[in-house]
Amino acid sequence: MDLKKLSNQKLSFFLTKPKILVYGLIIGLLVGIFGISALFRAGEARYRQANTLSPSIVFSRIVSENEMVSASQQYNIVDKSTDDNTLFDIIHIPFTENSFWYRYCGTIKVGVNLKKATYETSADGKTITVTLDAPYIISNTPDMDKSGVLEENNNLLNPIHVEDVDAFQRKCIEQSETEIAAGGIFDEAKQNTEDNIRGMFNSALGDAYTVEFSWRDAASE
């Protein structure tokens, strides 16, 4: 074994090892600098974005949704329809009565029209007042899997016609909308709308503003 050659190899390794360590430290330092710089840039971008948001920008994003569903309610109406033939719409003709029991189920959704919403900021710049149209029924969707005739008593002298069932369905729709209005769904929709919009402002702007609401009367729309 050539001891001199082996000794030179060991010496070369120890001489190059500090260089490797130095290069590694330099590379690690550069990676750390770039990483920290990227984090600072990302944080600065988020800070700039948060501080460029204004009530007008947040409000424009809200109204861009056009419509907000704020409350919904299911209904189940079971009622009986009775009909008989009449003479001159005055005298009921005997033995011509027919009837059927009908179940009508569906879901009513209530919300607000955001396209007509407006806002203003108070003189001190601390209060945002949003003005909205009164809530209205957005949709009344029947559940035809559950709706239908439960029992019918037909009559050869006065058979049940399709238009009789259609007329009864229209009656059920009117009844469902009247009943949910009396049940307070429009007040619920108002409260949920206020909570949703206030939450959007607070999420974007923090607690720098107090958000209040003004509702137009349905008759004035």
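A short tour of the structure in this document, coming up. (Residues numbered from 1 in each chain as written. Predicted model: local features only at pLDDT ≥ 70, side-chain atom pairs only at ≥ 80, totals over all residues. Heavy atoms only, no water.)

### So, the pattern of salt bridges
For step 1, the next point in the chain: If you walk through the whole model with that rule in mind, you get three salt bridges.
For step 2, the next point in the chain: Residue Asp195 pairs with Arg198 through a salt bridge whose shortest N-O separation is 3.9 Å. With Asp195 and Arg198 both in helix α4 (residues 185-205), this residue pair falls three residues apart, about one helical turn.
For step 3, the next point in the chain: By relative accessible area, which is 26% here, Arg198 ends up partly exposed. (Salt bridge = Lys/Arg side-chain N within 4 Å of Asp/Glu carboxyl O. Helix = DSSP H or I, 4+ residues; strand = E, 2+ residues; numbered from the N terminus. Buried < 20%, exposed > 50% of the residue type's maximum accessible area, 1.4 Å probe, protein only.)

### Regarding the side chain of Thr129
For step 1, the next point in the chain: For Thr129, the position within the fold is in strand β6 (residues 127-132).
For step 2, the next point in the chain: Thr129 gets classed as buried once you look at its relative accessible area, which sits at 19%.
For step 3, the next point in the chain: Contact partners of Thr129, with chain neighbours within four places excluded, come to Thr118, Tyr119, Glu120, Glu212 and Ser214. (Contact = heavy atoms within 4.5 Å.)

### Focus: the nonpolar core
For step 1, the next point in the chain: Ranked by internal contacts, the top residues of the largest apolar core, which has 17 residues, are Leu114, Val130, Leu132, Ile197, Phe201 and Phe213.
For step 2, the next point in the chain: Of all the secondary-structure elements, those providing two or more residues to this core are α2 (55-63), β6, α4 and β9 (210-215).
For step 3, the next point in the chain: In contact with Val130, other than residues within four places in its own chain, are Phe59, Thr118, Tyr119, Phe201, Val211, Glu212, Phe213 and Ser214. (Core = buried A, V, L, I, M, F, W, Y, C linked by side-chain atoms within 4.5 Å.)

### A look at the sheet that holds strand β5 (residues 118-121)
For step 1, the next point in the chain: Strands sit in the order β5-β6-β9 across an open sheet of three strands; the sheet is mixed. Strands with a single pairing partner mark the edges of an open sheet, and in this sheet they are β5 and β9. With strand direction ignored, the average angle separating the axes of adjacent strands in the sheet is 20°.
For step 2, the next point in the chain: Pairing of β6 with β9, which is carried by six bridges, proceeds in the parallel orientation. Residue pairing for β9: Ile128 is matched across the bridge by Val211.
For step 3, the next point in the chain: This element, α4, spans β6 and β9 of the sheet and lies at about 150° to β9. (Pairing = 2+ DSSP bridges. Axes fitted to C-alpha atoms, helices over the stretch in contact; angles between N-to-C directions.)

### Remarks on the side chain of Asn113
For step 1, the next point in the chain: Following the sequence through the fold, Asn113 ends up in strand β4 (residues 98-113).
For step 2, the next point in the chain: Overall, the relative accessible area of 16% leaves Asn113 in the buried class.
For step 3, the next point in the chain: Not counting residues up to four positions away in its chain, the partners in contact with Asn113 are Asn66 and Tyr136.

### Comments concerning the packing of α2 against α4
For step 1, the next point in the chain: Interaxial distance between α2 and α4 falls to 10 Å at its minimum, and their mutual angle equals 135°. Between α2 and α4, the crossing angle belongs to the class labelled oblique. In the packing of α2 onto α4, the handedness of the crossing is right-handed. Touching Pro55, Val58, Phe59 and Ile62 of α2 are Ile197, Met200, Phe201, Ala204 and Leu205, all from α4. (Parallel < 35°, antiparallel > 145°, perpendicular 65-115°, else oblique. Left-handed = near helix turned anticlockwise from the far one by under 90°.)

### Re the environment of Ala167
For step 1, the next point in the chain: Mapped onto the fold, Ala167 is located in helix α3 (residues 162-182).
For step 2, the next point in the chain: Overall, the relative accessible area of 34% leaves Ala167 in the partly exposed class.
For step 3, the next point in the chain: Taking the C-alpha atoms as reference, Ala167 lies 10.0 Å from Ser81; in sequence the two are 86 residues apart.

### What to know about the pairing of β5
Remember that side chains alternate between the two faces of the sheet whenever the strand is regular.
For step 1, the next point in the chain: Bridge count between β5 and β6: four bridges; the pairing is antiparallel. Residue pairing across strands places Thr118 opposite Thr131, the latter belonging to β6.
For step 2, the next point in the chain: Counted between consecutive antiparallel strands, the loop separating β5 from β6 contains five residues, among which Gly125 sits at a positive phi close to 70°.

What is shown is where atoms sit, not what they do.
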